[in-house]
Amino acid sequence: MNQTIQDHRPPRLPQRFLRWYCKPELLEDIEGDIHEDFNKRHTRSGKRQAYLYYFLDVIRFFRPFVIKKLFKTQNTNTMFKLNTVIAFRHLAKNKLYSFINITGLAIGIAACLIIAHYVIFQLSYDKFHENADRVYRVHNNTLQNGEDLGTGFYSGYALGPSLIRDVPEIEMQSRVHPYYGGAVVNRVVDSVSMTPFREQDILFVEPAFLQMFTFNFLQGNHNTALNDPSSIVITESTMRKYFGKESDRVIGQILNVNGGWANGNYLISGVVEDFPANSHFQFDFLLPIERVLMRNQYTEEGTDWGWTNFYSYVMLSPQSTEAAAEAKMADLMHTYTPEDLEADGLKQTLSLQNVPDIHLRSEITGDEFGTVGSINSVYFMVIIAVFILLIAWINFINLSTAKATERSMEVGIKKAMGALKPQLMSQFLTESFWVNLFAIVLAIGLTYTFMPMLSEALGVNLVVDITNPTILGALGVLILIGPLLAGFYPALILSSFKTVTALKGRFVSKKSHAFSVRKGLVVFQFVISTFLIAGTFTVSRQLSFMQNQDTGIDMSKTLAIKGPDTNISLASFESFKNNMEQVAGVEAFSSSRSIPGNGYNWGTEARRSGTDRSNSGSVNVTWVDATFLNTYGIEVIAGRDFTEAQRQARNGMIINEATVEAFGLGSPEKALTEKIILSGDTMAIRGVVKDHNWQSLHKAYGPAIFLYRFASADFFSVSVSPQNTNKVISELEKQFDIAFPGNPVEYYFVDDFFNRQYKEDLAFANIFKAFSAFAIFAACMGLFGLASYSVVQKAKEIGIRRVLGASGTQITFLFSKRYLLLTVIANTIAIPITYFGIKSWLENFAFSIGITAELFLVPMVLLLVIATLTISFQTVRAAMANPVKNLRSE
Amino acid sequence: MKGTYLGEFQELVLLTILVLAENAYGVTIQDELGSRTGRNISRGALHTALTRLDEKGFITSEYGGATAERGGRRKRFYKVTNQGTKALEESKTLRDQLWSEVPKVALGKS
């Protein structure tokens, strides 16, 4: 025994908790044990650990045999039991009502849980990095003559080192250079190449990259993995792909990377666990940046700021602030490249964005990499979740108050026996509690059922995690708040019946405010439903519009083939081209550096010849050959197409209408006489093409320029006559393999490829549809319940009307009328809300369907039809029933 | 059957109490068991076992003097009752019997 162990005071809260739950006869013993251990730990490992273990011990003792009978003697317990029994009897007696109530609530809660998972996932981006709070990406905002040209993150390779030099707050930095265009990678065993794979996600990074971000190294370690210029770090799944069963020891194995940027053999120096999906960047391979910096392109004089192919991440030292670092770096571009910026009339400001903010709050105006979320869509989902939950609760309230009639007798008798209002309220609240509890249990089941569907729609792998603290918290709140919120109003109404009138069973007066509240709630539900239906309708219309819109490019019968990544000879290209042109069914063959939907090759600036540099604007350039415009059916409206020639100079440039407009070239015809200075080179305009959608319809037409290139190895495009498609494809595979051995062949129809840009939009539409369906279904259930009760209540009235000669149709109409009136009111309120919602969503698209009356009318009619059908279920049945039955029963 | 059955963990606990003789209380039993088995014994599990053993009448307990290291609380010392010792012996006899009847071949090597 250690004699120097001192007595310390254990933490209060856990101690009190222990004393509260522990059986008195066990308390001294258990508390003593924990305390002794606590003192030992305190002396050995310090206060914090001792506290932690004390706390854990207390929690771990919370076991049945230790826990005393809580609330043993309290009367509330008995009342709760009694109320529970009554609640269960009621639920069992009114099966339909209970079913509607519980399922409605469950659907609402399930929808909320699913959305909560999605939102938590969206908010979790990049938070898993240990240093997430001090890792930033460097952004660059550009103003031209005071006009904001946007914010980007690309910079020259000189920026990274100068940040370290000039900004003392920055502890480390890493430049990143993506392997643009991808590469072919194969394993090399004893100088023999194994099966090659085409890879896209390759990044050149610095060793600091492994320090700033958190990687879980399975083999190798983050301190040394990228120190050697011939090293390569791969992910676990990449390892499996290349090494299969021999995965246990791959350090030192050789991978050959061949794609033009830094070809050669690399030795595997590390394997990291696959990166979580909630990261703004993804990779399969990491290569040392030295390798790409060795290229001529980056070693020539004057390329240090010019080739903006890099981006930088920095990590600030723990005590410094973002603002301090930004202040020192803001004008760095002007310190290093003052002349260029001044001549172009540009003002560039560097800033930082914290990495966890990138996914949802990107400051970038151009393209981000990977899937981009937006904080708005997260808010939007939260709003939908709240709506759905409200609808579900309103259902509950409406159904419970509607049922009030049936229970008036019960309330009356209880009151006559001396029950007080609070006691009655507690009874109804208990009932509400049980319904909510059942609903939550059912909701958890539904969540497990529907989550895979949502995961698929979103393209993210979401897994239900009930143990997530936020989810648990939400469930806890739902269990506590739900019954109160949904149960309070009905409980208030039910318990406030006057004893005598209640006993007479005639408490429902037309003036009762219960009914106006209920109607208000129904209207509110339908406002939400209209909004959601209209939203769904708009979203799917817009999507089909985008996918079927005439882009000005003929994509449906054009097949694009991804060019080989290895260096190829002109001869093998020409033989491939000639052979393909011979294939029956091939109408045209073209090679280009990019294709529609793949972005442009080069973003640079241009101006009209004869104006000064401050008039320049940005343009996008793509290199194509002489048959490209023909292959893609892009219409030349003035001048001529390129002609086949070995050199570019003869061909000049072909511009689109937007370029004519942007640089003030007058009409297309007049533009042919002008010249354009493109990044310093003066070039003649050979032709003008019609504006076309080179990128998704989110983006407006912008100045785009085609330059001539005799042969490109990036993309081959083949225009195919439809009946020969299969033959062309099989021939294509054969020829490709003959001409470019060792390259995997990859091809797709250009329209499919182009529509891949809408993946995010489709996911959004799917979610929207799913939750609208949820909401509408819940709302209809509510309406169904209401209608059914009003029919039951008025069974006698219906009977008398029938006897007196009213037709079934008249009665159906009579009873449907007031609910239909409610939907009409709801629609009227919904119109302005919907209008603004649709408008702001459509603003995301440069080309949109526009707001038409149809977008409102169709959902309104649809809702009316749905509502009518729901109500008629009940009203028709009541109207058709034998009136004698209803009149006879008492 | 229930009531006299001795689980593996309970058996270990009983034996540990015997080993510790005069000094068998919560913390020492836990430490001793932990160091001998190399397992991480949770205090809750130990107390569960002790309660069960007590219910079966295999152990009795009495309070010792208060000590400062326990914040002024008394230690509860455990003793194995005759019934407990008997149960242990029975269990041992059963095992010995079984062991003696295992054919040599089944034990493998040599």
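Because the structure is predicted, anything quoted here is derived from the model rather than measured. Counting restarts for each chain, with residues numbered from 1 along the sequence as it is written. Both sets of labels track the order of writing: A upward for chains, 1 upward for ligands. Given that the model is predicted, a residue must reach a pLDDT of at least 70 before its local features are reported, and side-chain atom pairs must reach 80 or more before they are shown or counted; all residues, however, enter totals for whole chains, interfaces and linings.

## Here we look at the overall build of chain A
Step number 1: Each helix and strand in chain A was counted, giving 31 helices and 25 strands.
Step number 2: Three exposure classes are used, all based on how many other C-beta atoms lie within 10 Å of a residue's own C-beta (placed from the backbone): buried at 20 or more, exposed at 12 or fewer, and partly exposed between those limits. Counting across all 890 residues of chain A, residues that qualify as buried make up 40%. Each helix corresponds to a stretch of at least 4 residues labelled H or I by DSSP, and each strand to a stretch of at least 2 residues labelled E; elements are numbered beginning at the N terminus.

## So, the overall build of chain B
Step number 1: Regarding its fold elements, chain B presents four helices and two strands.
Step number 2: Secondary structure elements in chain B, listed N-terminal to C-terminal, are α-α-α-β-β-α.
Step number 3: Sorting the 110 residues of chain B into buried and exposed places 25% on the buried side.
Step number 4: This entry defines residue contacts through backbone-placed C-beta atoms, with two residues in contact when those atoms are within 7 Å. Of all intrachain contacts in chain B linking residues separated by at least 6 positions in sequence, the fraction that spans at least 24 positions is 48%.

## Notes on the packing of helix H15 (residues 375-402) of chain A against helix H27 (residues 759-793) of chain A
All names here are of chain A.
Step number 1: A fitted line through C-alpha atoms serves as each axis, taken over the contacting stretch for helices, and the angle formed by two N-to-C directions is quoted from 0 to 180°. Packing of H15 against H27 brings their axes to within 9 Å, and their N-to-C directions diverge by 10 degrees. The angle between the axes of H15 and H27 places the two elements in the roughly parallel class. Within the contact between the two elements, H15 uses Ser-377, Ile-384, Phe-387, Ile-388, Ile-391, Ala-392, Ile-394, Asn-395, Asn-398, Leu-399 and Ala-402 and H27 uses Phe-764, Phe-771, Phe-774, Ala-775, Ala-778, Ala-779, Met-781, Gly-782, Gly-785, Leu-786 and Tyr-789.
Step number 2: Ten residues, namely Ala, Val, Leu, Ile, Met, Phe, Trp, Tyr, Cys and Pro, are considered nonpolar, four, namely Asp, Glu, Lys and Arg, are considered charged, and the remaining ones, Gly among them, are considered polar. Split into classes, the residues belonging to the contact of H15 with H27 amount to 17 nonpolar, five polar and no charged. Our angle categories are set so that under 35 degrees counts as roughly parallel, over 145 as roughly antiparallel, 65 to 115 as roughly perpendicular, and the remainder as oblique.

## Description of the interface of chain B and chain A
Step number 1: The interface of chain B with chain A comprises 16 residues on the first partner and 17 residues on the second.
Step number 2: Ranked by residue count, the leading element in the side of chain B that touches chain A is helix H3 (residues 43-56) of chain B, at five residues.
Step number 3: Taken together, the residues of the side of chain B that touches chain A break down into two nonpolar, seven polar and seven charged.

## A few points about the nonpolar core
All names here are of chain A.
Step number 1: The nonpolar core criterion groups buried Ala, Val, Leu, Ile, Met, Phe, Trp, Tyr and Cys residues into a set whenever they are joined through C-beta atoms within 7 Å. Within the largest apolar cluster, 93 residues are counted, with the highest numbers of intra-cluster contacts made by Ile-109, Ala-111, Ile-388, Ala-392, Ala-775 and Leu-783.
Step number 2: If one sorts the elements of this core by residue count, H27 sits on top with 18 residues.
Step number 3: Here Ala-392 is in contact with Gly-104, Leu-105, Ile-107, Gly-108, Ile-109 and Ala-778, once residues within four sequence places are set aside.
Step number 4: The next biggest cluster of nonpolar side chains, apart from the first, holds 60 residues, and it includes Tyr-136, Leu-163, Val-167 and Ile-289.

## A word on the environment of A:Asn398
Step number 1: Looking at the element boundaries, A:Asn398 is found in helix H15.
Step number 2: Other than its neighbours up to four places away in sequence, A:Asn398 contacts A:Arg518, A:Leu521, A:Val522, A:Gly782 and A:Leu786.

## Concerning the packing of helix H2 (residues 24-45) of chain A against helix H3 (residues 47-60) of chain A
Residues and elements named next belong to chain A.
Step number 1: As a packed pair, H2 and H3 sit with axes 7 Å apart at the nearest point and diverge in direction by 155 degrees. By the angle between their directions, the pair H2 and H3 is classed as roughly antiparallel. Of the two elements, H2 crosses H3, and the hand of that crossing is right-handed. Between H2 and H3, the contacting residues are Ile-34, Phe-38, Arg-41, His-42 and Ser-45 on the first element and Lys-47, Gln-49, Ala-50, Tyr-53, Tyr-54, Asp-57 and Val-58 on the second.
Step number 2: By residue class, the composition of the contact of H2 with H3 is six nonpolar, three polar and three charged. Here a crossing is taken to be left-handed if its near helix is turned anticlockwise relative to the far helix by less than a right angle, and right-handed if that turn runs clockwise.

## Examining the pairing of strand E15 (residues 558-562) of chain A
All names here are of chain A.
Step number 1: Counting buried residues along E15, five of its five residues qualify, which places the element largely inside the surrounding structure.
Step number 2: Every second residue of E15 is oriented toward a common face, with Thr-558, Ala-560 and Lys-562 on one face and Leu-559 and Ile-561 on the other, all of them buried.
Step number 3: The pairing of E15 with strand E24 (residues 715-720) spans five bridges and is classified as antiparallel. Residue pairing for E24: Leu-559 is matched across the bridge by Val-718. A pair of strands is considered paired only if DSSP assigns at least 2 bridges between the two.

## Focus: unusual backbone geometry
Step number 1: Phi at A:Asp126 takes a positive value of approximately 60 degrees, unusual for a residue other than glycine.
Step number 2: For A:Asp126, the position within the fold is in the loop between helix H5 (95-123) and strand E1 (135-144).
Step number 3: Note on A:Asp126: 20 C-beta atoms within 10 Å, which makes it buried.
Step number 4: Phi is positive for B:Ala21, close to 50 degrees, though the residue is something other than glycine.
Step number 5: Relative to the helices and strands, B:Ala21 resides in the loop between helix H1 (8-20) and helix H2 (26-37).

## Description of the confidence of the model for chain B
Any region with low pLDDT has predicted coordinates that should not be read closely.
Residues and elements named next belong to chain B.
Step number 1: How sure the predictor is of each residue is captured by pLDDT, a score from 0 to 100. Per-chain confidence: chain B averages 80 in pLDDT, with 90% of residues scoring 70 or above.
Step number 2: At the low end of the mean pLDDT range in chain B sits strand E1 (residues 59-66), at 80; at the high end sits helix H4 (residues 82-100), at 88.
Step number 3: Prediction confidence for the complex, expressed as pTM and ipTM, is 0.66 and 0.76 respectively.

## Some words on the environment of A:Arg801
Residues and elements named next belong to chain A.
Step number 1: By the element assignment, Arg-801 lies in helix H28 (residues 795-803).
Step number 2: Residue Arg-801 is classed as partly exposed on the basis of its C-beta count, with 17 C-beta atoms lying within 10 Å.
Step number 3: Taking the C-alpha atoms as reference points, Arg-801 and Ala-879, 78 residues apart in sequence, are found 9.4 Å from one another.
Step number 4: Once residues lying within four places of it in the same chain are set aside, the contact partners of Arg-801 are Ala-806 and Ile-811.

## Focus on the environment of A:Val624
Residue and element names in this part refer to chain A.
Step number 1: Along the chain, Val-624 falls in strand E18 (residues 617-624).
Step number 2: Classification of Val-624 as buried rests on a count of 27 C-beta atoms within 10 Å.
Step number 3: Separated by 88 residues in the primary sequence, Val-624 and Ser-712 have C-alpha atoms spaced 7.6 Å apart.
Step number 4: Contact partners of Val-624, with chain neighbours within four places excluded, come to Ser-590, Ser-592, Phe-706 and Arg-709.

## So, helix H8 (residues 236-243) of chain A
Residues and elements named next belong to chain A.
Step number 1: Within H8 the residues assigned to the buried category are Thr-238, Met-239 and Tyr-242. Viewed end-on, H8 has its buried residues packed into an arc of 100 degrees, placing them on one side of the element.
Step number 2: On its buried face, H8 sits against strand E4 (183-189), strand E9 (231-235), strand E10 (254-258), strand E11 (264-272) and strand E12 (285-288).
Step number 3: Two residues or fewer after H8 comes Gly-244, characterised by a positive phi angle close to 50 degrees. Directions drawn from the helix axis to the C-beta atoms are what define this arc.

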